[in-house]
Amino acid sequence: MKNVIETKVRTEGKGDSKEKALNIALGNIQKKVMKDYKGNMIIRIEPIDVDVVEAKEFSYIERFLFFFFPRKRSKYSVVLDVKINLFLLNIEEINFNKVEQKNNIKSHAMGSLFPK
């Protein structure tokens, strides 16, 4: 029912600063894992190791009205390989007990949809 899997996820992020690019890359881990492990409930994602595959800084000169006030701007891009421990709960293996209720107006009006 509960599984622990050690896996590696490749993720990337782009931003106006180094910190923002790294935060976006690390934030994308959950999205990648959710897409890969459908039908499972993710209990915990625990990063073990982070390897930087590629880190780039793109710089350019920005000008106002093509001539005035030149300033140097930078954009950052990072690609990470993150080794994670993944704690999963398989939803299909959970046995739910089926409880039948009467379908009458009194039970709906009183709000007693779930038995106590």
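Let me sum up the structure you'll find in this document.

### Some words on the packing of aromatic side chains
Part 1 of the reasoning: Taken as a whole, this structure holds one aromatic pair when the rule is applied.
Part 2 of the reasoning: Judged by centre distance (6.2 Å) and plane angle (45°), the ring pair of Phe64 and Phe69 falls under tilted.
Part 3 of the reasoning: The class for Phe64 is partly exposed, based on a relative accessible area of 48%.
Part 4 of the reasoning: One Lys or Arg, Arg44, reaches over the ring of Phe87 and ends 4.0 Å from the middle of that ring.

### Quick word on the sheet that holds strand E1 (residues 2-15)
Part 1 of the reasoning: In space, the three strands of this open sheet follow the order E1-E3-E2, with antiparallel pairing throughout. If you trace the sheet from one side to the other, it starts and ends with E1 and strand E2 (40-64), each paired once. Ignoring strand direction, the axes of neighbouring strands in this sheet form an average angle of 10°.
Part 2 of the reasoning: The strands touched by helix H1 (residues 18-36) are E1, E2 and strand E3 (68-90); relative to E1, the strand with the most contacts, the crossing angle is about 140°.

### Quick word on the pattern of salt bridges
Part 1 of the reasoning: A full pass over the atoms with the stated rule returns six salt bridges.
Part 2 of the reasoning: The closest approach of N and O atoms between Asp16 and Lys75, which form a salt bridge, is 3.1 Å. Taken as a pair, Asp16 in the loop between E1 and H1 and Lys75 in strand E3 lie far apart in primary sequence, 59 residues in all.
Part 3 of the reasoning: In this structure Lys75 comes out as partly exposed when scored by relative accessible area, which is 35%.
Part 4 of the reasoning: Via salt bridges that share partners, Glu62, Arg71 and Arg73 belong to a single interconnected network.

What counts and what doesn't
Residue numbering note: each chain is counted from 1, following its sequence as written. pLDDT decides what is reported in this predicted model: residues at 70 or higher carry local features, side-chain atom pairs at 80 or more are listed and counted, and totals for whole chains, interfaces and linings draw on all residues regardless. The side-chain quantities take in all heavy atoms of the structure and omit both hydrogens and water. Any Phe, Tyr or Trp ring, taking Trp's six-membered ring, that has another such ring centre within 6.5 Å forms a pair; planes under 30 degrees apart are called stacked, those over 60 apart edge-to-face, and the others tilted. Three labels apply to residues, based on accessible area from a 1.4 Å probe with only protein chains included: buried if under 20% of the type maximum, exposed if over 50%, partly exposed otherwise in between. By definition, being over a ring means that NZ of Lys or CZ of Arg is both within 6 Å of the ring centre and within 35 degrees of the ring normal. A pair of strands is treated as paired once DSSP finds two or more bridges between them. Secondary structure elements follow DSSP: runs of H or I no shorter than four residues count as helices, runs of E no shorter than two count as strands, and numbering proceeds from the N terminus. Structural elements are reduced to axes, namely lines fitted to C-alpha atoms, with helices fitted over the stretch in contact, and the angle between N-to-C directions of any two is expressed from 0 to 180 degrees. It only takes one pair of heavy atoms within 4.5 Å for two residues to be counted as in contact. For this document, the term salt bridge refers to a Lys or Arg side-chain nitrogen within 4 Å of an Asp or Glu carboxyl oxygen.

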